[in-house]
Amino acid sequence: QVQLVQSGGGLVQAGGSLRLVCAASGFPFSSRAMGWFRQAPGKEREFVVGISWNGDMTYGSDSVKGRFTISKDNAKNTVYLQMNMLKPEDSAVYYCAARRSLSASVSEAGYDYWGQGIQVSVSS
């Protein structure tokens, strides 16, 4: 049974930091690319960052470059999203996702498994 269990969300002031954690099980995590997406109220879900199966390549949307970092620990079957210099416009429900491929994708259609979602709220 595939599971992606997310933790680490919450409320933070603008300029602050949060780290999201996504613990995976039920599939060969070490040979899968991972991604983080987010969905704000009234908006479509959008790509945030992605990482290749071995962590050698990462991809980020322009809106988070230089502020958000994705990392992958294959020994712990866990992917992280470190979010720094948070802005109110980063407020959204964040989802981790797993892809049956070695490389990440910016399209949500390219992902096969999804976490439950976790709220991140940034106050001004």
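Preceding block: the structure.
Residues numbered from 1 in each chain as written. Predicted model: local features only at pLDDT ≥ 70, side-chain atom pairs only at ≥ 80, totals over all residues. Heavy atoms only, no water.

Asks: Quick question: what am I supposed to make of the sheet that holds strand β3 (residues 18-25) here?
Replies: Through backbone hydrogen bonds, the strands of a sheet pair up, either in parallel or in antiparallel fashion. One open sheet holds the four strands; their spatial order is β1-β3-β8-β7, and the pairing between them is antiparallel. The sheet terminates laterally at β1 (3-7) and β7 (68-73), the two strands that pair on one side only. When strand polarity is set aside, the average angle formed by the axes of neighbouring strands in this sheet is 15 degrees. With six bridges joining them, β3 and strand β8 (residues 78-83) adopt antiparallel strand pairing. Opposite Val21, over in β8, you have Tyr80 as the bridge partner. (Pairing = 2+ DSSP bridges. Helix = DSSP H or I, 4+ residues; strand = E, 2+ residues; numbered from the N terminus. Axes fitted to C-alpha atoms, helices over the stretch in contact; angles between N-to-C directions.)

Asks: Help me understand the nonpolar core, please; the structure alone is not making it clear to me.
Replies: It is characteristic of soluble globular proteins that their nonpolar side chains tend to be buried jointly. Grouped together as the largest cluster of nonpolar side chains are 28 residues, with contacts concentrated most on Trp36, Phe68, Met83 and Tyr94. Taken together, the elements giving at least two residues each to this core come down to β3, β4 (33-39), β5 (46-51), β7, β8, β9 (92-99) and β11 (118-123). One finds Phe37, Ala97, Ala104 and Tyr111 within the second-largest nonpolar core, a separate group that totals six residues. (Core = buried A, V, L, I, M, F, W, Y, C linked by side-chain atoms within 4.5 Å. Buried < 20%, exposed > 50% of the residue type's maximum accessible area, 1.4 Å probe, protein only.)

Asks: Is there a simple way to explain the environment of Gln6 in this structure?
Replies: Here Gln6 shows up in strand β1. Distance in space between the C-alpha atoms of Gln6 and Trp114 is 9.9 Å, their sequence separation being 108 residues. Ignoring anything within four residues of it in the chain, the contact list for Gln6 reads Val21, Cys22, Trp36, Tyr94, Tyr95, Cys96, Gly115, Gln116, Gly117 and Ile118. (Contact = heavy atoms within 4.5 Å.)

Asks: Is there a simple way to explain the packing of aromatic side chains in this structure?
Replies: The description of an aromatic ring pair uses the distance of the two centres, along with the angle that the planes make with each other. On inspection of all chains with the given rule, the structure shows seven aromatic pairs. Three or more aromatic residues joined by ring pairs form one cluster here, namely Phe37, Phe47, Tyr95, Tyr111 and Trp114. Above the ring of Trp114, the side-chain terminus of Arg45 is found at 4.0 Å from the ring centroid. The ring of Phe29 carries the charged tip of Lys72 above its face, separated from the ring centre by 4.2 Å. (Phe/Tyr/Trp six-rings, centres within 6.5 Å; stacked < 30°, edge-to-face > 60°. Lys NZ or Arg CZ within 6 Å of the ring centre and 35° of its normal.)

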